[in-house]
Amino acid sequence: MIDVASAQLAVGDKKGAQETLKKAGEAFRPDAESMETLETLIQLAKAQRKAGDAAGAGATLDRVRKQVGVLKDRAIVDAVNKNIALADVKAGPPTPLRAEDPRTRMLRSAVLCEIALAWLELGDRARASAIARDGLKMLQTDTGSPGAAPPGRSDPDVVTISIKNESTSWKVATLGFLGMIQHKAGDPDWRITLAEARQLSGTLTASRNKADALTSVARFLAESGELDQAVEVAAAVEPGERPAALREIIEGLVDDRPLGYGVDPAYPGFIKITIGAESYTLKDRRNALRALPRIAQGVRAGVGPLQQARLLSMVAHLQAKGGDFAAARETALSIPTVRRADYPGLADGFYDAIKPVTLALIAKERAQADTTKNAHGEAEDLIRQAAGLARAVATPEQKAVALIVIAQAASGVEWGLASSLIGEAKTAALSVKEPVRSLALAMVVDLEADAGDLAAAIVTAQTIREYPGLEKQRALARIADEWDKRGDQAVAKELRRKGLALLENGPPPDAKAQMGRVRQMRSFSAHSYVDFESEFEPAMIEMYRKRDASSTRSKLIDHAAAMAAARKLPAGQRDGLLAGLAAQMARDGKPIEALTLAKSLETPAQRLTAIELVAIAVRDGRSAK
């Protein structure tokens, strides 16, 4: 219902959104046995605030505060242990909780942090400060007895607990969170709270826990404006973990803008670019532009060449987003040159492509910020400089990626230059091994389609491998979309049918020869890196082939065939595909037909999931109003 209300807001139905959220609140019954009830209520309060119902949001937050008091320790333990079970064992999962574990109190305190933040968003700093103090009080001795207040504290009820290692790192993170909230709420004790967090992190002995704790402190110090202290704390983190701490400081200056529904970070049909800071927006432009040079200094002083290149790329891109293009260019040019050959094994990010792509991203921001002739001249100079660096890249795969992204940036600056770069990118893509070859060529098709050269796009698409078909189907679908825009549905339909055949046909005799090396994929997130040098594992490829075939049938308005094929699949895949069909129709601009399809699904769970996905598609602007 929250997603439905978000969709109503997206189409301008504020009153409808408020009514939907009111019904959601009335229908929801919190469960003292489930931690999820707290999360749901907090999400409801945030949605009510966005819908303009401040009173309703406040009432919901009061419900959350009461629920914190009645939530059973067992519920907290079960929720955390479930997440621990899903953790990557190689990374060393935390010790599972017990019902009497003091960390359960910290988790309650962390929930209070979320409530306090929500009150801040409602503009009630006094209430936020009071709840933050409640969170501090909750971090008391194991026995629950009060003790002497730390020196300088204005609240005598707040005490410090003494627990070791992992538990201490949890407390450090919670203290840092509370101190940051106090700062935003105007509470004079915020410096004391952050100082306690920093001091407590120094008592840790386990290296991983100490690194996690110091990283948390650095993040919250940065968010509170104490940048020099934040960089100083990051410098105390052991070298292997220091890049993560510095990244946390950077992320304290930005808001994360999700890439949007339907952009799957694990999707095997394209190369996910994780260079620069594309999905970030600055919270406070003036503060960020003051802070970023200091962060860059800390990066250069204490991080190795590869991580230095990746972090400086983020800094430079954010400086460009803030409008300081001279500083952005200077930072980008200071990025050390790294080579893929110097880091053997599976790729964990980009290498040679970082520096040229960063310059191209700055050029893109420069052109978008100012349409004057001088600005475009500066952007064109940056593009040419980036292209020169890309041509000198020794690693073929990195060179292809760099030229593609530079061509993308050039398309918004100067079409003649962009056209030349598209040709270079295509030549580079044709010279590399699979799967990079087909992935890169599919992205070249995007460039050619954007340029309106559909004849060239078709020729490029023909050079993409037939199996597993994901890259070629994606390229054909992209060209079909352009024909749709031109009003020639017949050509678009024929291209989609060709793409569908690729996905429905079995593997050809030479399928193995068309494939590169395979690595097992694990989990994905909005910012995770997917090794484009390796193939996805066969089971995942087959899952995507079925999913994309279903979406293509939907595009062909062959819903009956799509549903029939989906119903033949195992339950785990079937339900998701059936709901996904409705979502695809909504993204194609047919929300009413999508809801009709959703209503026809067999089970309440399928229908509810489908309606939710349709609402998300509308909310994210992928459906006609």
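Everything discussed here concerns the structure shown above.
Rules of the game
- Residues numbered from 1 in each chain as written.
- Predicted model: local features only at pLDDT ≥ 70, side-chain atom pairs only at ≥ 80, totals over all residues.
- Heavy atoms only, no water.
- Helix = DSSP H or I, 4+ residues; strand = E, 2+ residues; numbered from the N terminus.
- Buried < 20%, exposed > 50% of the residue type's maximum accessible area, 1.4 Å probe, protein only.
- Contact = heavy atoms within 4.5 Å.
- Areas by Shrake-Rupley, 256 points an atom, 1.4 Å probe, with all protein chains shown as cover.
- Polar contact = N/O pair within 3.5 Å; in protein donor to acceptor, adjacent residues only side chain to side chain.
- Axes fitted to C-alpha atoms, helices over the stretch in contact; angles between N-to-C directions.
- Parallel < 35°, antiparallel > 145°, perpendicular 65-115°, else oblique.
- Nonpolar A, V, L, I, M, F, W, Y, C, P; charged D, E, K, R; others polar.
- Core = buried A, V, L, I, M, F, W, Y, C linked by side-chain atoms within 4.5 Å.
- Phe/Tyr/Trp six-rings, centres within 6.5 Å; stacked < 30°, edge-to-face > 60°.

**Student:** Even after reading the chapter, I still don't get the overall build of the protein, so can you show me in this structure?
**Tutor:** Per the secondary structure count, the protein includes 28 helices and two strands. With 625 residues in all, the protein has 51% of them scored as buried. The contacts in the protein between residues at least 6 apart in sequence include a share of 66% that link residues at least 24 apart. When the accessible area of the protein is evaluated, it comes to approximately 27,700 Å², of which 53% is carbon and sulfur surface.

**Student:** How should I be thinking about the side chain of Arg366 in this particular structure?
**Tutor:** Residue placement: Arg366 occurs in helix H16 (residues 354-369). Residue class for Arg366 comes out buried when judged on its relative accessible area of 12%. Here the side chain of Arg366 touches Glu378 through a polar contact of 2.8 Å, side chain to side chain. Apart from the residues lying within four places of it in its own chain, the contact partners of Arg366 are Phe325, Ala375, Glu378 and Ala379.

**Student:** Could you clarify how one ought to interpret the packing of helix H12 (residues 242-251) against helix H13 (residues 285-302) in this entry?
**Tutor:** Between two packed helices, both the angle of their axes relative to each other and the distance between the axes serve to describe the pair. It is the contact of H12 with H13, at a shortest axis distance of 11 Å, that shows an interaxial angle of 175 degrees. When the axis of H12 is compared with that of H13, the two are roughly antiparallel. Contact with H12, carried on its side by Arg242, Leu246, Ile249 and Ile250, involves Ile295, Gly298, Val299 and Gly302 of H13 and no other residues of that element. Residue composition of the contact of H12 with H13, grouped by class: five nonpolar, two polar and one charged.

**Student:** Help me understand the nonpolar core in this model?
**Tutor:** Counting 154 residues, the largest nonpolar core has Ile115, Ile249, Ile271, Ile295, Ile383, Ile406 and Leu421 as its most contacted members. Sorting elements by how many residues they give to this core places helix H6 (residues 103-121) first, with 11 residues. Excluding its chain neighbours within four sequence positions, the residues that come into contact with Ile406 are Pro356, Ala360, Ile383, Ala386, Ala387, Ala390 and Leu421. Core analysis: the second largest hydrophobic core is formed by 19 residues, Ala579, Ala582, Leu601 and Ile616 among them.

**Student:** It is not clear to me how the packing of aromatic side chains should be interpreted in this structure. Could you clarify?
**Tutor:** For any two aromatic rings, the description comes down to two numbers: the centre-to-centre distance and the angle of the planes. Overall, the coordinates contain four aromatic pairs when judged by the stated rule. Ring geometry for Phe177 and Phe220: centres 5.5 Å apart, planes at 10 degrees, overall stacked. Taken as a pair, Phe177 in helix H8 (residues 165-185) and Phe220 in helix H10 (residues 207-223) lie far apart in primary sequence, 43 residues in all. Here Phe177 and Phe220 have matching classes, each one buried.

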